[in-house]
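Geometric and topological summary
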Amino acid sequence: QVQLVESGGGLVQAGGSLRLSCAASGRTFSRYAWAWFRQAPGREREFVAAISWSGGSTDYADSAEGRFTISRDNAKNTLYLQMNSLKPEDTAVYYCAAVRSGGSVYRGVYDYNYWGQGTQVTVSS
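Heads up: these notes are all about the structure in this document. This one's a predicted model, so the numbers in the text were calculated from it and none came from an experiment.

What counts as what
Residues numbered from 1 in each chain as written. Predicted model: local features only at pLDDT ≥ 70, side-chain atom pairs only at ≥ 80, totals over all residues. Heavy atoms only, no water. Core = buried A, V, L, I, M, F, W, Y, C linked by side-chain atoms within 4.5 Å. Buried < 20%, exposed > 50% of the residue type's maximum accessible area, 1.4 Å probe, protein only. Pairing = 2+ DSSP bridges. Helix = DSSP H or I, 4+ residues; strand = E, 2+ residues; numbered from the N terminus. Phe/Tyr/Trp six-rings, centres within 6.5 Å; stacked < 30°, edge-to-face > 60°. Lys NZ or Arg CZ within 6 Å of the ring centre and 35° of its normal.

1. Regarding the nonpolar core
Core analysis: the largest hydrophobic core is formed by 28 residues, its most contacted members being Leu 4, Trp 34, Trp 36, Leu 81, Met 83 and Tyr 94. With nine residues, the next largest nonpolar core counts Ala 50, Ala 61, Ala 97 and Val 99 among its residues.

Listed below in structure tokens is the structure:
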């Protein structure tokens, strides 16, 4: 059974940092594109960042560019999101997602078919 499990969320002050992790089990995700999405209360789930299976291609939402870094460790079947200079508007539940890919990265929620359960990130002002 495929499982994606996020961790690393929590409460942090504005300007602080957090590192999210997403550990996969049930299959090898080395040939999969991965992504992070987030969803704030009352809002739709939105794209944050994506990375190709090799790690050679990345894509960031404008809101994440320059502050967040997505990375992966295929040997550990784990995805990461380093978040720096956090702002109150970054408060949301963060989800990791995966889809089998030949090298492309995707921004759409419906592009991904494996999802984690989410981890809460709260940034206080």
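2. Here's the deal with the pairing of strand E3 (residues 18-25)
Bridge analysis of strand E1 (residues 3-7) against E3 gives five bridges, and the strand direction is antiparallel. Bridge assignment links Val 5 to a residue of E3, and that residue is Ala 23. Strand direction decides the pairing type here: E3 and strand E8 (residues 78-83), joined by six bridges, are antiparallel. Counterpart to Leu 18 in the pairing with E8 is Met 83.

3. Thoughts on the packing of aromatic side chains
In total, this model carries nine aromatic pairs according to the counting rule given. When the ring of Tyr 112 is compared with that of Trp 115, the centres are 6.5 Å apart and the planes differ by 75°; the resulting orientation is edge-to-face. Given the relative accessible area of 5%, Tyr 112 is considered buried. Taken together, the ring pairs connect Phe 37, Phe 47, Tyr 106, Tyr 112 and Trp 115 into an aromatic cluster. Taking NZ or CZ as reference, Arg 31 lies 3.9 Å from the ring centre of Trp 53, over its face. The positively charged end of Arg 45 is found above the aromatic ring belonging to Tyr 95, 3.7 Å away from the centroid.

Treat this as a map of the structure, not an account of what it does.
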